[in-house]
Amino acid sequence: MAQDFDFAVVGRGLWGSAAAMYLARSGAKVALIGPDEPKDKRTAPGPFASHYDEGRITRSIATKPNWARWSSRSIARYRDLEAQSGIRFYTPCGGAMASTDKGYMDAVFDTAEAEDLSVDALEGAALAKRLTMFDFAPGTRTALDATGGWINPRRMRQAHETLAQAAGAQVFDAFATDLSHGKVTLSGGDRVRADQILVATGSYAALDALLPRQPVMQICARTVYFAHIDAAECARLTGMPSLIYQDPESDHYIYLLPPIRYPDGSWRIKIGGENMDNLVHNPEEARAWMQGLGSKEVAADLEAVLRTLMPDLRIAGSSTEACILAHTDNDQPFLERVTPWLTMATGCCGAGAKCADELGRLAARLAQGASLEPSDLGAEQAAALA
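Residues numbered from 1 in each chain as written. Predicted model: local features only at pLDDT ≥ 70, side-chain atom pairs only at ≥ 80, totals over all residues. Heavy atoms only, no water.

Draft legend 1. Representation of the overall build of the protein chain. Along its length, the protein chain carries 10 helices and 21 strands. Here the C-alpha atoms of the protein chain give a radius of gyration of 20 Å, agreeing with the 21 Å that 2.2 N^0.38 yields for 386 residues. Dimensions of the protein chain, computed from C-alpha atoms along their principal axes, come out at roughly 65 × 45 × 40 Å. A burial count over the protein chain gives 55% of its 386 residues as buried. For the protein chain, the proportion of contacts with a sequence separation of at least 24, taken over those separated by at least 6, is 74%. Looking at the protein chain, you have 38 positive and 48 negative side-chain charges, and the mean spots of the two groups are 5 Å apart. (Helix = DSSP H or I, 4+ residues; strand = E, 2+ residues; numbered from the N terminus. Rg over C-alpha atoms; globule rule 2.2 N^0.38 Å. Buried < 20%, exposed > 50% of the residue type's maximum accessible area, 1.4 Å probe, protein only. Contact = heavy atoms within 4.5 Å. Lys, Arg positive; Asp, Glu negative; His and termini not counted. Charge placed at Lys NZ, Arg CZ, Asp CG, Glu CD.)

Draft legend 2. Region of the structure containing helix α5 (residues 153–166). A rise of 1.5 Å per residue sets the reference length of α5, with its 14 residues, at 20 Å; its end C-alpha atoms lie 20 Å apart and thus fit the reference within 8%. Every buried residue of α5 is listed here: P153, M156, R157, A159, H160, E161, L163 and A164. N-capping of α5 is provided by N152, with a side-chain oxygen placed 3.1 Å from the backbone N of R154. Two residues or fewer after α5 comes G168, characterised by a positive phi angle close to 110 degrees. (Expected span 1.5 Å × (residues − 1). Polar contact = N/O pair within 3.5 Å; in protein donor to acceptor, adjacent residues only side chain to side chain.)

Draft legend 3. Representation of the side chain of S71. You can see S71 is positioned in helix α2 (residues 65–85). The class of S71 is buried, set by a relative accessible area of 0%. Side-chain polar atoms of S71 contact the backbone oxygen of W67, separated by 2.9 Å. Ignoring any residue separated from it by four or fewer positions in sequence, one finds S71 in contact with R59, S60, K354 and C355.

Draft legend 4. Spotlight on the pattern of salt bridges. For the structure shown, the criterion picks out 28 salt bridges. Among the ionic pairs, D331 bridges to K64, the shortest N-O distance being 3.5 Å. With D331 in the loop between β19 (317–328) and β20 (334–339) and K64 in the loop between β3 (56–58) and α2, this residue pair connects regions lying 267 residues apart in the sequence. Owing to a relative accessible area of 27%, K64 belongs among the partly exposed residues under this scheme. (Salt bridge = Lys/Arg side-chain N within 4 Å of Asp/Glu carboxyl O.)

Draft legend 5. Focus on the sheet that holds β3. An order of β3-β8-β4 is seen for the three strands of this open sheet, with the pairing classed as antiparallel. Pairing within the sheet leaves two strands with one partner each, and these edge strands are β3 and β4 (90–91). Alignment of β3 against strand β8 (residues 149–151), held across three bridges, turns out to be antiparallel. In the strand pairing of β8, T58 is matched with G149. (Pairing = 2+ DSSP bridges.)

Draft legend 6. Layout of the environment of H51. Secondary-structure assignment places H51 in the loop between β2 (30–33) and β3. For H51, a relative accessible area of 6% corresponds to the buried category. Sequence separation of H51 and S118 is 67 residues, and the distance between their C-alpha atoms is 28 Å. Aside from chain neighbours lying at most four places away, what touches H51 is R12, G13, L14, R56, P153, R154 and R157.

Draft legend 7. Quick look at the pairing of strand β21 (residues 342–346). Counting buried positions over the five residues of β21 gives five, a clear majority of the element. Taken together, the five bridges between β20 and β21 define a ladder with antiparallel strand orientation. The residue bridging T339 from the neighbouring strand is L342, located in β21. The antiparallel pairing of β20 with β21 creates a hairpin that spans two residues between the two strands.

Draft legend 8. Molecular detail of the environment of A164. Turning to its location among the elements, A164 is positioned in helix α5. Linking A164 and A288, residues 124 residues apart in sequence, is a C-alpha distance of 32 Å. Non-local contacts of A164, meaning those with residues more than four positions away in its chain, are made with A20, M21, A24 and A169.

Draft legend 9. Structural context of unusual backbone geometry. Note that the residue after G46, namely P47, is joined by a cis bond; omega there is 0 degrees. Tracing the backbone shows P47 in the loop between β2 and β3. One non-glycine residue, D116, lies in the positive phi region at around 55 degrees. The phi angle at D331 is positive, at roughly 60 degrees, despite the residue not being glycine. Residue D331 is classed as partly exposed on the basis of its relative accessible area of 26%.

Draft legend 10. Representation of the side chain of D145 in the model. Within the fold, D145 resides in strand β7 (residues 141–145). It is R59 that comes nearest to the buried, bridge-free D145 among opposite-charge side chains, at 7.0 Å. A polar side-chain atom of D145 sits 2.8 Å from a polar atom in the side chain of T147. When neighbours within four sequence positions are excluded, D145 is seen to be in contact with R59, S60, I61, G94, G95 and S118.

Laid out in structure tokens, this is it:
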């Protein structure tokens, strides 16, 4: 038996849950559709979401103004979301971006100036004194954002969903198998009727046949390496910021998070980013990858980068995980009305978790029929609207 709603949000991840909150708070009747996180990812059939982890980098600074704008707007609302939901997810330990590449760091500082962001510029002796846990190559410049740090993506998603439900949204623990004008068919056979449908299914938007027109994205299979450390080493690293490090010599672009306590009680330092693309082309390949532990070769490479950046780090053990992410050709997300009744929000480009609140808000506005302002978008998107 079908149930009637004003909006059906397909995708219960970071963007979809945020969009559902904003839609429900507008007074609309909202269905939020997506499966719970699987208890055992090794045997789960999928689809899989991007928030199955305890840590994601957050920072306002970026190389492009639109990503900085979306992030800074989201970060400014983190504490209110925590207070209203009762769910803590934000740790502002500082977020750093570092490189010996002049053009790369000029873009970071130029963006900070354009977006009126407060940032500390560090290099040489000042950098070595401030960030003692790292051993950067000579000539490294660093931008340090005090509002940056890390978020718990599981808990941030939960905060948005909790507030969406408080505003009247109804959650369906199922995935969509088909959609058409006014109707979403669920994996259990039930149907949801809705005047408007918003699809926020991440990488799956380009993998499955749910959308009438799939967005053009590269879906990359990535490996995450965790260095397990003991409590004493964790205490030694107090004050460590999250880090984006671009090394033009080795063509590495990595992200690194400070020690985070995981549900099994372990303290882990997380590193990811690799200089190769292992592409996923369909849901079957995505399932096979996500059920595994990533690439041993990539993990060994990431461990070597970590030991170079933090030569004094005492690693007690390690583990790996697999993830997938979506890259677009122009490094911009897809935020658009596909048809008069269907809106699409996808294309995280490896940067979408921290700014999920703002991108969810913009997706909700589009689904409501509003036009986005040029100041809400990147230069490429704003030009397309002109």
